[in-house]
Amino acid sequence: MVNGENGSGFSIRRARTSDVPRIQELVEPLVQRRILLGKEMVTLYESVQEFRVAQDASGELIGCGALHVMWSDLGEVRTLAVSDEWLGRGIGHALLDRLEGDARELGLNRLFCLTFEVDFFARNGFVDMGEETVDPLVYTQLLRSHDEGVAEFLDLARVKPNTLGNTRMLKRL
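Treat the numbers as computed from the prediction; the structure is a model and nothing was measured.

### Points about the overall build of the chain
Then step 1. A count of helices and strands for the chain gives seven helices and seven strands.
Then step 2. By the burial criterion, 49% of the 173 residues in the chain qualify as buried.
Then step 3. The long-range fraction of contacts in the chain, counting pairs at least 24 apart against all pairs at least 6 apart in sequence, stands at 68%.

This is the structure we're talking about:
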């Protein structure tokens, strides 16, 4: 569902700056369990326009996810998190659907994620990207990025200590 309630007691909308403290609260338990990498509050504010949030009927945020553009045809799904109380009720899937819609609107045709939640992403059409890379010219441009997600996509050694055990996955839209 694009706007409003989806019949399951929650709705998805664009994040606002006032949502950032709650986004950090949603993400923190997953950071503690080493499922997600932590983000500083300033980083969340800087990227708030990339986020979609799920809210219950009372307006409380129960999930979040972000889409980060990496290249002309490539984006990354980041910081996908759902409150423990709402797991298994379609929120993660609904957020991912919305982020994929956003990606299509932007003209992206590939989505990347770095995840421990391989089964979830596989059920949603992502596959282990193995050794897949990009055109050498694009690779050279991406190397200039300071973004950690780009480094993860390129499988650069400098991010490996933080990403050990994660799977690099890709979906073609």
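From this point, things continue past the structure.
### A short note on the sheet that holds strand β5 (residues 110-115)
Then step 1. Read from one edge of the open sheet, seven strands run β1-β2-β3-β4-β5-β7-β6, paired in mixed fashion. With one partner strand each, in any of the chains shown, β1 (10-14) and β6 (127-128) form the two edges of the open sheet.
Then step 2. Looking at chain direction, β1 and strand β2 (residues 51-56) are connected through five bridges and run antiparallel. Looking at the pairing, Arg13 lines up with Val53 of β2.
Then step 3. On top of the sheet, helix α1 (residues 20-32) reaches β2, β3 (61-71) and β4 (74-82); it is set at about 90° to β3, its chief contact.

### Re the side chain of His68
Then step 1. Along the chain, the position of His68 falls in strand β3.
Then step 2. For His68, a relative accessible area of 15% gives the class buried.
Then step 3. Within polar-contact distance, the side chain of His68 engages the side chain of Glu50 at 2.7 Å.

### Quick notes on the nonpolar core
Generally speaking, a soluble globular protein has its nonpolar side chains buried in company with each other.
Then step 1. Phe10, Ala54, Val77, Ile91, Phe121 and Phe126 are the most contacted members of the largest nonpolar core, which totals 22 residues.
Then step 2. Only β1, β3, β4, α3 (91-106), β5 and α4 (118-123) provide two or more residues apiece to this core.
Then step 3. In terms of residues, this core owes the most to one element, α3, which gives six residues.
Then step 4. In this structure, Ile91 is in contact with Phe10, Ala54, Ile62, Gly63, Val82 and Trp86, ignoring residues within four places of it in sequence.

### Observations concerning the pattern of salt bridges
Then step 1. Following the criterion strictly, the structure yields eight salt bridges and no others.
Then step 2. In this structure, Glu76 and Arg78 form a salt bridge, with 2.7 Å as the shortest nitrogen-oxygen distance.
Then step 3. Lys171 is paired through a salt bridge with Glu100; the nearest N and O atoms lie 2.9 Å apart. Separated by 71 residues along the polypeptide, Lys171 in strand β7 (residues 167-172) and Glu100 in helix α3 bring together distant segments of the chain. In this pair, the class of Lys171 matches that of Glu100, namely buried.
Then step 4. Among the charged side chains, a salt-bridge network with shared partners connects Arg22, Glu25 and Glu60.

### Here's the deal with the packing of aromatic side chains
Then step 1. Overall, the coordinates contain four aromatic pairs when judged by the stated rule.
Then step 2. Between Phe10 and Trp86, the ring centres sit 6.5 Å apart and the planes meet at 80°, which makes this aromatic pair edge-to-face. Taken together, the residues Phe10 in strand β1 and Trp86 in the loop between β4 and α3 connect sequence positions 76 residues apart.
Then step 3. Here the aromatic cluster, defined as three or more aromatic residues joined through ring pairs, consists of Phe120, Phe121 and Phe126.
Then step 4. Arg89 extends its terminal NZ or CZ atom over the ring of Trp86, reaching a point 3.9 Å from the ring centre.

### Some details on the side chain of Arg13
Then step 1. Looking at where Arg13 falls in the secondary structure, it is placed in strand β1.
Then step 2. Since its relative accessible area comes to 13%, Arg13 is described here as buried.
Then step 3. Reaching out from Arg13, the side chain makes a polar contact with the side chain of Asp19 at a distance of 2.8 Å.
Then step 4. In this structure, Arg13 is in contact with Asp19, Arg52, Val53, Gln55, Leu61 and Arg98, ignoring residues within four places of it in sequence.

Cut-offs applied
Along every chain, residues carry numbers that run from 1 in the direction the sequence is written. For a predicted model such as this one, the threshold for reporting local features is a pLDDT of at least 70, and the threshold for listing and counting side-chain atom pairs is 80 or more; totals across whole chains, interfaces and linings nevertheless cover every residue. For side-chain calculations, the full set of non-hydrogen atoms in the structure is used, while hydrogens and water are omitted. Here a helix means four or more residues in a row that DSSP labels H or I, a strand means two or more in a row labelled E, and each is numbered from the N terminus. Only protein chains enter the calculation, and the probe is 1.4 Å; a residue is then buried if its accessible area is under 20% of its type maximum, exposed if over 50%, and partly exposed in between. The contact criterion used is simple: two residues touch if any of their non-hydrogen atoms lie within 4.5 Å. The pairing criterion for strands is at least two bridges between them, as found by DSSP. To define axes, lines are fitted to C-alpha atoms, for helices over the stretch in contact only, and angles between the resulting N-to-C directions are given on a 0 to 180 degree scale. Pairs of N or O atoms are called polar contacts if they sit within 3.5 Å, as long as, within protein, a hydrogen donor faces a hydrogen acceptor (for residues adjacent in sequence, only side-chain-to-side-chain pairs). In this description, a nonpolar core means a group of buried Ala, Val, Leu, Ile, Met, Phe, Trp, Tyr and Cys residues linked to one another through side-chain atoms lying within 4.5 Å. Only one rule defines a salt bridge in this text: a Lys or Arg side-chain nitrogen within 4 Å of an Asp or Glu carboxyl oxygen. Pairs were defined over the aromatic rings of Phe, Tyr and Trp, the Trp ring being its six-membered one, requiring ring centres within 6.5 Å. Orientation was assigned from the angle between planes: stacked under 30 degrees, edge-to-face over 60, tilted for the rest. Any Lys NZ or Arg CZ found within 6 Å of a ring centre and within 35 degrees of that ring's normal is scored as a charge over the ring.

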